[in-house]
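# Architecture at a glance
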Amino acid sequence: MRNSRRLLATICAIILFTTLHALPQDTEILRKDTNTYTKDSIQQNKDSTSKSNYSNDYKFKVKQLVLPATMITIGVIGVYSDWLESKNYQIKDELRENIDKKISIDDFSQYAPIAAVYGLNIAGLKGCHNFEDRTIILATSYLIMSITVESFKRSIKEKRPDRSNNQSFPSGHTATAFMGAEFLWREYKDVSPWIGITGYAVAAGTGFFRMYNNKHWLTDVIAGAGIGILSTKIGYWLYPTIKNKLFKSKHLKNVVALPYYNIKAAGICCVINL
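A few points on the structure. Fair warning: this is a prediction, and the values are worked out from it, not measured in the lab.

Let us look at the pattern of salt bridges. If charged atoms from side chains of opposite charge come close, those side chains can pair. For the coordinates displayed, the defined rule picks out seven salt bridges. A salt bridge links Asp106 to Arg210, with the nearest nitrogen and oxygen atoms 2.6 Å apart. Here Asp106 is found in helix H5 (residues 106–109), whereas its partner Arg210 is found in helix H9 (residues 193–212), with 104 residues between them in sequence. An identical accessibility class is assigned to Asp106 and Arg210; each is buried. For Lys233, the salt bridge is made with Glu182, and the minimal N-O distance between the two is 3.4 Å. Taken together, the positions of Lys233 in helix H10 (residues 218–246) and Glu182 in helix H8 (residues 172–188) put the pair 51 residues apart, joining distant regions of the chain. Taken individually, Lys233 and Glu182 each receive the classification buried, so the pair is uniform in this respect.

Here is the structure:
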């Protein structure tokens, strides 16, 4: 009973911690009933705030580094700290006691927040950026995330809980999921905060199932989440420069981009019709 309570508390803490990050700094949005978001009010809100919101999205702010940097630091410390290592094993043992069989949903849920951004747009719910611009941001974020994850994996070489290989730290699945969750939040925060909150809940679930399936330690998941969040933030910070330098004289008529990631390689397959 005590182990079950501790397990439940751990799961709730992960979901609560990541969901709170998705809440906007301007709490006035949250006080509005989501049912009041009509098409007219959404459009009016976008027209009146789009310029200031977009410019703020692209500005580097040191305080935005605090959360992801803290999460990454905790993860790195966990590789070398005996105390955090003992907590990793404790959580692993409690999870193993409650596992009946593996559930591979995390292989798909890692991409759900990214798919939601494009899916919602296809359904008629417009985000902050058009197809071309958000694809530039996504490609930049994914490239940064992939390079960072692979660099850590190759340098630290942490053994997985199931001893299958030494590519445990950090969790690439979790990094992808949280990168997508931050991307979803940034694109639809002016429509409804609950869209981003849902994305973060899915990302937290992805991290949990990586531990549930005995593929990652808790510190791997925390670090992966931090890397994912930070990668998307950097993607937005770099967007104006990339847009002006590489796409100023070109307009992408049709772009199809598909991110991929595995132990041996990571990147984005991209087809562009000019």
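Next, the rest of the story.
What follows covers the packing of helix H6 (residues 112–122) against helix H7 (residues 131–156). Two elements in contact, H6 and H7, have axes separated by 12 Å at closest approach and are oriented at 180°. On the basis of their axis angle, the class for H6 and H7 is roughly antiparallel. Here Ile114, Val117, Tyr118 and Asn121 of H6 come into contact with H7, specifically with Phe131, Arg134, Thr135 and Leu138. Considered class by class, the residues forming the contact of H6 with H7 number five nonpolar, two polar and one charged.

It is worth spelling out the side chain of Ser231 at this point. Secondary-structure assignment places Ser231 in helix H10. With sequence-adjacent residues up to four places away left out, Ser231 is seen in contact with Ser141, Ile144 and Met145.

Before going further, it helps to spend a moment on unusual backbone geometry. The omega angle of the peptide bond from Phe169 to Pro170 is -10°, so this bond is cis rather than trans. The topology assignment puts Pro170 in the loop between H7 and H8. Despite not being glycine, Lys157 shows a phi value in the positive range, around 55°. Despite not being glycine, Arg163 has its phi angle at roughly 65°, a positive value. In this structure, Arg163 sits in the loop between H7 and H8.

Conventions and cut-offs
- Residues numbered from 1 in each chain as written.
- Predicted model: local features only at pLDDT ≥ 70, side-chain atom pairs only at ≥ 80, totals over all residues.
- Heavy atoms only, no water.
- Salt bridge = Lys/Arg side-chain N within 4 Å of Asp/Glu carboxyl O.
- Helix = DSSP H or I, 4+ residues; strand = E, 2+ residues; numbered from the N terminus.
- Buried < 20%, exposed > 50% of the residue type's maximum accessible area, 1.4 Å probe, protein only.
- Axes fitted to C-alpha atoms, helices over the stretch in contact; angles between N-to-C directions.
- Parallel < 35°, antiparallel > 145°, perpendicular 65-115°, else oblique.
- Contact = heavy atoms within 4.5 Å.
- Nonpolar A, V, L, I, M, F, W, Y, C, P; charged D, E, K, R; others polar.

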